[in-house]
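Chain residues, written in single-letter form:
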Amino acid sequence: QVQLVESGGGLVQAGGSLRLSCAASGGTFSSYAMAWFRQAPGKEREFVAAISRSGGTTLYGDSVKGRITISRDNAKNTVYLEMNSLKPEDTALYYCAADRFLLPVVPATRYAYWGQGTQVTVSS
């Protein structure tokens, strides 16, 4: 069973950048498709991005497309979320998720393993 720990969140001004990391342990990292979701107060969990086991296939949510890049380093058991041109509406708790898909999927309910989240706050 894989354990996930997110890091890299913080407070940033609008237009700024952040890189989130999610470190995995307890499993064979390259066997898991990985994803990032976010949840703002009072809102449903939203799909942000996902990446296949090899990193060759990526998916992005419509609200972040063009501003966010997901990547992974299987040698370091880590998935990254590079966020640029941040907006106040990007403020949320960002979660890392994993499951044994060959290709990434969007629905949060499909992912069995979750981290505790890292807070991203974008000030205007």
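Cut-offs used in this document
Residues numbered from 1 in each chain as written. Predicted model: local features only at pLDDT ≥ 70, side-chain atom pairs only at ≥ 80, totals over all residues. Heavy atoms only, no water. Helix = DSSP H or I, 4+ residues; strand = E, 2+ residues; numbered from the N terminus. Buried < 20%, exposed > 50% of the residue type's maximum accessible area, 1.4 Å probe, protein only. Contact = heavy atoms within 4.5 Å. Pairing = 2+ DSSP bridges. Axes fitted to C-alpha atoms, helices over the stretch in contact; angles between N-to-C directions.

### Topic: the environment of Tyr32
With respect to the element layout, Tyr32 can be found in the loop between strand E3 (18-25) and strand E4 (33-39). Take Tyr32: its relative accessible area is 1%, and that puts it in the buried class. Between the alpha carbons of Tyr32 and Ala92 there is a distance of 24 Å; along the sequence they are 60 residues apart. Setting aside residues up to four positions removed in sequence, Tyr32 forms contacts with Val2, Arg53, Arg72, Ala98, Asp99, Arg100 and Tyr113.

### Let's talk about unusual backbone geometry
A positive phi is found at Asn77, a non-glycine position, where the angle reads about 55 degrees. Of note, Asn77 is situated in the loop between strand E7 (68-73) and strand E8 (78-83). The class of Asn77 is partly exposed, set by a relative accessible area of 28%. A positive phi angle is found at Ser85, which is not glycine, with a value near 50 degrees. As for its position among the elements, Ser85 is in the loop between E8 and strand E9 (92-99).

### A few points about the sheet that holds E7
Spatially, four strands are ordered E1-E3-E8-E7 in an open sheet, and the strand pairing comes out antiparallel. Each of the sheet's edge strands pairs with one partner strand only, and the pair in question is strand E1 (3-7) and E7. Each strand axis lies, on average, 15 degrees off the axis of its neighbour in the sheet, ignoring direction. Summarising the sheet, E1 and E3 pair through five bridges and their orientation is antiparallel. Across the sheet, Leu4 pairs through a bridge with Ala24, a residue of E3.

### Looking at the pairing of strand E5 (residues 46-51)
For E5, the tally of buried residues reaches five of six residues, placing the bulk of the element in the interior. Of the pairings in the sheet, the one linking E4 to E5 comprises five bridges and is antiparallel in character. By the bridge assignment, Met34 is partnered in E5 with Ile51. Counting the residues in the hairpin turn of E4 and E5 gives six residues, including Gly42, whose phi is positive at 80 degrees. For E5 and strand E6 (residues 58-60), the ladder comprises three bridges, and the chain directions are antiparallel. Bridging across to E6, Ala50 finds its partner in Leu59. Counting the residues between successive antiparallel strands, the hairpin from E5 to E6 contains six residues, one of them, Gly55, with a positive phi of roughly 90 degrees.

Purely spatial values, then, with no claim about function.
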